[in-house]
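An overview of the molecular structure
Residues per chain, in single letters:
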Amino acid sequence: MSRKNSIESEQLTDTTYYILLCLTEPAHGYALMSKIQEISSGTFDVGPASMYTNLKKLLGADLIEITEVDKKSYQLTSKGTRLLVDEYERRSKIVQQSKNIIEKIRRG
């Protein structure tokens, strides 16, 4: 599934999920890359090309907006907030389903 299609289908890639998660507060691109490293405990990395490509797609989908023009700071829109919550719930269900299967494997 391409990234554009993942946004349109409202099933986000890990990169777009992390970006939206970090944009609950305004931030610029470099700060986002650092924040993603921080919240993922260094297990997930987004480079500049991927960051700015995804930001452009998220802007086009009205999931984020520019809040400061000089530094190009971004923030979630209400549509982006709804999608982030929906994606969290979807991913939580996947984790629960996986947990049930893994527990069976460990017992068996």
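Residues numbered from 1 in each chain as written. Predicted model: local features only at pLDDT ≥ 70, side-chain atom pairs only at ≥ 80, totals over all residues. Heavy atoms only, no water.

Structural notes on the pairing of strand β2 (residues 73-76)
- Examined bridge by bridge, strand β1 (residues 64-68) and β2 share four bridges and lie antiparallel to one another. Paired with I66 across the strands is Y74, a residue of β2.
- Hairpin connection, β1 to β2: the antiparallel pair is bridged by four residues, and K72 has positive phi, about 50°. (Pairing = 2+ DSSP bridges. Helix = DSSP H or I, 4+ residues; strand = E, 2+ residues; numbered from the N terminus.)

Quick notes on the packing of aromatic side chains
- Under the defined criterion, the tally for this structure stands at one aromatic pair.
- Positioned above the aromatic ring of Y17 is the side chain of R91, whose terminal nitrogen or guanidinium carbon lies 4.3 Å from the ring centre. (Phe/Tyr/Trp six-rings, centres within 6.5 Å; stacked < 30°, edge-to-face > 60°. Lys NZ or Arg CZ within 6 Å of the ring centre and 35° of its normal.)

Some points on a nonpolar patch on the surface
- Together, I101, I102 and I105 make up an exposed nonpolar region whose accessible area comes to about 290 Å².
- Structurally, I102 can be placed in helix α5 (residues 78-107).
- Among the residues examined, I102 registers a relative accessible area of 38% and is labelled partly exposed. (Patch = residues over 30% accessible without salt bridge, like charges linked within 9 Å, V, L, I, M, F, W, Y side chains within 5 Å. Areas by Shrake-Rupley, 256 points an atom, 1.4 Å probe, with all protein chains shown as cover. Salt bridge = Lys/Arg side-chain N within 4 Å of Asp/Glu carboxyl O. Buried < 20%, exposed > 50% of the residue type's maximum accessible area, 1.4 Å probe, protein only.)

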